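Residue-level structure breakdown
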Amino acid sequence: MKTHVRVAVIGGGLVGCSILYHLTKLGWKDVVLLERDELTSGSTWHAAAGIHGLHDNNNISKLQYYTMKLYKELEQETGQGCGIFQPGSIYLAQTKDREHQLRIQAAKARYFDVDFHEVSIAEAKELHPLVDFTGIRCAMFEQDGGNVDPSGVTHAYAQGAKQNGAEIYRFTPVVETNQREDGTWDVVTTKGTIHAEIVVNAAGLWGREVARMAGFELPLMTMEHQYFVTETIEEIAGMDRRLPSIADRDGEYYLRQEGLGLLVGAYEKDGRFWAEDGTPMNFGHELLPDDLDRISDNIMRACERIPALAEAGIKRVINGPMIWSPDSSALFGPVPELKNYYCCNGIIPGFSQSGGLGSLLAQWIVEGEPELDLFPWDMARYDSAWATKSFTKARALDCYAHRFKIHFPFEEREAGRPARMRPVYERQKEKGAVFGLNYGWEHPLWYAPEGVEAIEDYGFERQAWFKHVGNECRALREAVGVIDVSNFAKYEIKGPGAHDWLDKVVANRVPTIDGRSCLTPLLGKRGGIAGDFTITKLADDHYYMVGSGIAERYHKRFFNAVPLPEDTTFDCLTESWTGFNIAGPKARDLMLRLTDEDLSNDSFRFMRSKVMTVAGIEARVLRVSFTGDLGYEVYVPQEKQLALYDALFEAGTDLGIVPVGGRALGSLRVEKGYGSWSREYSPEYWPQEVGLDRLIKLDKGDFLGKDAYLALKDKTPREMLSLFEVNVTNADATGGEPIFAEDGTPVGRVSTGAYGFTCGKSLALGFVKTEYHKPGDTFEIAILGQPHKAVLLDKPPFDPDGERLRG
């Protein structure tokens with residue numbers, strides 16, 4: 001066994017072997033995989049191993065299509081069969097909402113140039129004669145859908161990795177991982193110690209245990225999952241082809257051919273946890289006791305849809321554990337608090353995603369950053385401070401029980417909440433707040449007026465809350481609104497090295513004059529937009545920085561990349577400080593009632609700050625507003641939040657003050673064409689593609705991403721961030737919708753959509769190929785899967801010259 005390697009991958013399941021294989025494809029040969037038992041032990045071997053391409057997230061779709069294509073290439077490369085069956089998949093819609101969902105997917109398929117198209121009921125019956133299509137509104141056919149052999153695929157990855165120079169050590173349990181002072185790792189096994197420069201936790205069912213060896217917790221929970229395989233069915237035995245699989249998500253089961261019978265599985269409402277405190281180390285190829293009664297309702301629905309199933313005998317039952325994250329998406333990427341430690345855990349549809357996950361994690365390790373933005377899967381989206389065991393259990397059960405539920409735009413899941421609340425929570429609730437979850441924090445989405453129940457409806461079309469959000473927007477634009485921005489990430493940097501440290505982190509010049517603020521991008525390893533911040537100089541050697549709240553842990557990786565001077569401190573204030581955005585034409589009038597400061601435009605201009613007393617509380621006040629209107633962000637310690645909130649509303653009653661939620665803020669910022677991190681700003685996008693290149697100062701010295709930006713700054717943008725007015729009456733774009741030229745050519749996709757209540761237009765921000773970026777031109781945006789005319793605007797419809805913002 002080797003004693004020193006570049007990378008040690010822990011876990012010999014599907015994903016671990018894929019990561020090892022992709023590391024070798026990028027040229028890293030000195031890599032090993034450590035497996036406690038035999039390859040595929042754990043959840044890999046008993047998986048149903050279905051494969052499909054389209055996903056609600058466009059980047060996950062790319063990842064899945066890459067995986068599906070890779071399996072055939074693996075067979076050719078290694079000679080190891082992957083057991084690929086691709087007879088296609090038929091997707092059924094029994095409800096209007098499911099029909100919307102399938103038509104949305106069909107429109108995206110045109111963008112991706114893949115085959116996912118509608119078939120008539122007669123065509124569907126010909127494809128799968130055993131199905132009773134009674135009650136089906138529409139059917140879609142995915143030509144490449146199917147399944148693979150779990151063992152075959154895993155061993156193909158392993159064989160490919162070994163052919164490329166990697167080594168695999170089976171029956172080699174890892175018992176410790178100890179980090180050295182230089183950031184490398186001693187990986188202690190029962191057969192000796194390996195000194196690894198980098199460790200990858202791909203331990204599947206044992207991901208929690210492996211993480212604890214390194215001193216951190218992963219929010220994962222194991223649950224039982226059952227499917228069964230029938231005896232031979234005569235109708236199938238008499239066919240000369242393989243039947244397509246059936247995706248009847250409204251029926252809440254999955255079904256495909258297995259041998260000459262059928263494989264049927266279900267995610268029941270009454271799910272069962274297993275090994276809550278830790279997966280037994282001696283568990284391997286065992287199964288759990290059968291309990292088909294738990295999925296009987298699902299089975300009955302499957303029998304109604306496939307009558308031949310009701311007559312078939314059961315050949316075998318598989319009840320095996322699966323390990324879930326709180327949102328059923330992977331926990332992916334480097335651990336922000338540790339050097340040289342990566343995770344790829346909690347993968348549910350592994351056989352659709354294994355290739356893409358392995359490729360992108362290998363890119364992250366070798367090249368410093370993956371080519372696709374996978375923040376929705378980044379492990380940094382959770383923090384153990386709030387993603388506790390109880391939270392994880394509640395969310396995992398909710399995800400399991402609603403595996404086939406439609407996830408609508410704007411949907412907020414209630415399970416596991418509330419996790420974290422601010423002092424003002426109950427007061428906001430009294431005002432009718434409907435809350436969402438933001439990095440663990442409860443935050444107001446919108447406010448139900450008196451007489452309206454504070455609950456949400458969900459759907460693809462505009463919901464009941466639409467009009468209430470509109471009222472909030474109009475009230476702010478006409479008078480003054482208060483938006484809780486406490487969830488923005490807030491940082492304090494103090495000491496003689498504060499300025500120089502910040503200057504090495506961000507791309508713009510850091511202010512040198514007290515009271516000055518700047519907007520600045522943070523650049524990634526490839527030169528893209530890894531973040532955007534407002535930095536304010538409060539006093540000598542004292543800075544205040546505000547960024548995206550959901551990216552707080554994500555941005556730790558960048559902050560840690562620049563050593564902090566010994567005489568300088570960096571503190572996160574997100575929990576201990578709170579903030580409100582007071583915005584609208586009467587915002588200054590309200591503030592003047594609560595402070596003696598001179599707030600005239602001559603004294604307190606846009607992008608300036610002051611430490612001042614507001615309602616008797618010392619506050620940090622920034623003259624900025626994400627609404628695009630006259631506004632102030634007022635930050636105070638958390639224990640002062642409620643007093644400030646009450647003072648604002650008491651002082652503003654006759655000014656028409658209203659509480660405003662996050663949904664309204666989303667509409668207001670789109671009216672101004674403002675981008676938002678993780679939507680319009682992403683490591684995938686070049687600064688010149690999103691209009692932030694003007695904020696990059698190349699003459700100030702070195703900073704993160706500078707060399708990468710220099711290599712691309714003179715390149716023609718591949719695509720341009722664009723604002724559209726869309727001709728639609730019953731729904732708005734929400735993100736991910738494909739954009740087509742008038743001749744049907746796919747030319748881009750929506751990043752954010754909203755109805756602009758001030759201008760009375762449905763709007764969409766999105767990316768369009770540069771050669772098509774011509775203001776005034778007409779496009780088609782597929783909303784609810786149907787084409788809608790859209791005009792590319794040359795300027796935002798609200799206050800295009802910034803007169804309100806700076807006035």
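First, a word on what this report is: a plain description of the structure on this page. (Residues numbered from 1 in each chain as written. Predicted model: local features only at pLDDT ≥ 70, side-chain atom pairs only at ≥ 80, totals over all residues. Heavy atoms only, no water.)

This next bit is on the sheet that holds strand E26 (residues 569–572). Pairing in this open sheet of five strands is antiparallel, and the strands run E23-E24-E25-E22-E26 from one edge to the other. What marks the edges here is a single partner per strand, and that holds for strand E23 (517–523) and E26. Here the strands of the sheet are splayed against their neighbours by 25° on average, with no regard to which way each runs. In this structure, E23 lies alongside strand E24 (residues 529–539), joined through seven bridges in antiparallel fashion. Within E24, the residue paired with Cys-518 across the bridge is Ile-535. (Pairing = 2+ DSSP bridges. Helix = DSSP H or I, 4+ residues; strand = E, 2+ residues; numbered from the N terminus. Axes fitted to C-alpha atoms, helices over the stretch in contact; angles between N-to-C directions.)

So, on to the side chain of Ser-41. Assignment of secondary structure puts Ser-41 in the loop between strand E2 (31–34) and strand E3 (50–51). Under the relative-accessibility criterion, Ser-41 is labelled buried at 6%. At 3.2 Å, the side chain of Ser-41 forms a polar contact with the side chain of Asp-37. Apart from residues no more than four positions distant in its own chain, Ser-41 is found in contact with Glu-35, Arg-36, Trp-206, Gly-284 and His-285. (Buried < 20%, exposed > 50% of the residue type's maximum accessible area, 1.4 Å probe, protein only. Polar contact = N/O pair within 3.5 Å; in protein donor to acceptor, adjacent residues only side chain to side chain. Contact = heavy atoms within 4.5 Å.)

Counting buried residues along strand E27 (residues 577–583), seven of its seven residues qualify, which places the element largely inside the surrounding structure. Judged by which residues are buried, E27 turns out to be covered on both faces: Trp-577, Gly-579, Asn-581 and Ala-583 on one side and Thr-578, Phe-580 and Ile-582 on the other are all buried. The pairing of strand E21 (residues 480–484) with E27 spans four bridges and is antiparallel. Within the sheet, the bridge partner assigned to Gly-481 lies in E27 and is Ala-583.

This paragraph deals with the packing of helix H2 (residues 58–78) against helix H5 (residues 150–163). Following both chains from N to C, one finds H2 and H5 inclined at 50°, their axes separated by 10 Å at the closest point. As judged from the angle between their axes, H2 and H5 are oblique. By crossing handedness, the relation of H2 to H5 is classed as left-handed. Residues Leu-70, Tyr-71, Leu-74, Glu-77 and Thr-78 of H2 form the contact with H5, whose participating residues are Val-153, Ala-156, Tyr-157, Gln-159, Gly-160 and Gln-163. In terms of residue class, the contact of H2 with H5 is built from six nonpolar, four polar and one charged. (Parallel < 35°, antiparallel > 145°, perpendicular 65-115°, else oblique. Left-handed = near helix turned anticlockwise from the far one by under 90°. Nonpolar A, V, L, I, M, F, W, Y, C, P; charged D, E, K, R; others polar.)

Right, let's get into the side chain of Lys-672. Within the secondary structure layout, Lys-672 lies in the loop between helix H18 (662–671) and helix H19 (687–690). One buried charged residue, Lys-672, forms no salt bridge at all, with the nearest opposite charge on Asp-799 at 4.2 Å. A distance of 2.8 Å separates the side chain of Lys-672 from the backbone oxygen of Asp-799, its partner in a polar contact. (Lys, Arg positive; Asp, Glu negative; His and termini not counted. Salt bridge = Lys/Arg side-chain N within 4 Å of Asp/Glu carboxyl O.)

Further remarks concern the pairing of strand E30 (residues 631–637). Of all seven residues that make up E30, seven are buried, and the element is covered over most of its length. For E27 and E30, the ladder comprises seven bridges, and the chain directions are antiparallel. The residue of E30 that forms the bridge with Trp-577 is Pro-637. Relative to E30, strand E29 (residues 617–622) runs antiparallel, the two sharing three bridges. Along E30, the bridge assignment pairs Leu-622 with Glu-633.

Take the packing of helix H13 (residues 465–478) against H18 next. Running from N to C, H13 and H18 cross one another at 60°; their axes reach a closest spacing of 9 Å. Overall, the two elements H13 and H18 adopt an arrangement that is oblique. The element H13 and its partner H18 pack so that their crossing is right-handed. Every residue of H18 that contacts H13 at Trp-465, Val-469, Glu-472, Cys-473, Leu-476 and Arg-477 is listed here: Arg-663, Ala-664, Ser-667, Leu-668 and Glu-671. By residue class, the composition of the contact of H13 with H18 is six nonpolar, one polar and four charged.

Here we take up the environment of Asn-560. Tracing the backbone through its elements, the reader meets Asn-560 in helix H15 (residues 556–560). Overall, Asn-560 belongs to the exposed group, its relative accessible area being 51%. When the C-alpha atoms of Asn-560 and Gly-440 are compared, they prove to be 23 Å apart, with 120 residues separating the residues in sequence.

With that out of the way, let us pick up the nonpolar core. By size, the foremost hydrophobic cluster in this structure holds 60 residues, and its most contacted members are Val-7, Val-9, Ile-19, Tyr-157, Val-200, Phe-332 and Ile-365. In this structure Phe-332 touches Cys-343, Cys-344, Leu-357, Leu-360, Leu-361, Trp-364, Leu-374, Trp-377, Asp-378 and Met-379, once residues within four positions along its chain are discounted. Counting residues in each nonpolar core, the second largest holds 46 residues, with Ala-507, Cys-518, Ile-529 and Phe-703 among its members. (Core = buried A, V, L, I, M, F, W, Y, C linked by side-chain atoms within 4.5 Å.)

What follows concerns H18. Of all ten residues that make up H18, eight are buried, and the element is covered over most of its length. What H18 keeps buried is the set Arg-663, Ala-664, Leu-665, Ser-667, Leu-668, Arg-669, Val-670 and Glu-671. Taken from the residues just after H18, Gly-673 is the one with a positive phi, measuring 75°.

Right, let's get into the environment of Ala-731. Looking at the element boundaries, Ala-731 is found in the loop between strand E32 (719–726) and strand E33 (738–741). Taking relative accessible area as the criterion, Ala-731 reaches 0% and is therefore assigned buried. Along the primary structure Ala-731 and Ile-783 are separated by 52 residues, whereas in three dimensions their C-alpha atoms are 7.3 Å apart. For Ala-731, the contacting residues outside a window of four places in its chain are Phe-460, Glu-461, Arg-462, Ser-762, Ile-783 and Leu-784.

Over its 13 residues, helix H11 (residues 389–401) extends 18 Å from the first C-alpha to the last, a length consistent with the 18 Å expected when each residue adds 1.5 Å. Regarding H11, the residues found buried are Phe-391, Thr-392, Arg-395, Ala-396, Asp-398, Cys-399, Tyr-400 and Ala-401. The inward-facing, buried residues of H11 contact strand E12 (221–230), strand E15 (261–266), strand E16 (314–324) and strand E19 (433–438). (Expected span 1.5 Å × (residues − 1).)

With that settled, the discussion passes to the pattern of salt bridges. One pass over the structure, following the stated rule, counts 54 salt bridges. Of the charged contacts, one joins Glu-268 and Arg-294 as a salt bridge, the two residues approaching to 3.1 Å between their closest N and O atoms. With a gap of 26 residues between them, Glu-268 in the loop between E15 and helix H8 (296–305) and Arg-294 in the loop between E15 and H8 connect regions that are remote in the sequence. Each member of the pair Glu-268 and Arg-294 is classed as buried. Note that Arg-427 and Glu-430 form a salt bridge whose closest N and O atoms lie 3.8 Å from each other. Of this pair, Arg-427 and Glu-430 both sit in helix H12 (residues 425–430), separated by three residues, roughly a single helical turn. Under the relative-accessibility criterion, Arg-427 is labelled partly exposed at 25%. The structure contains a network of salt bridges with shared partners spanning Glu-99, Arg-103, Glu-118 and Arg-137.

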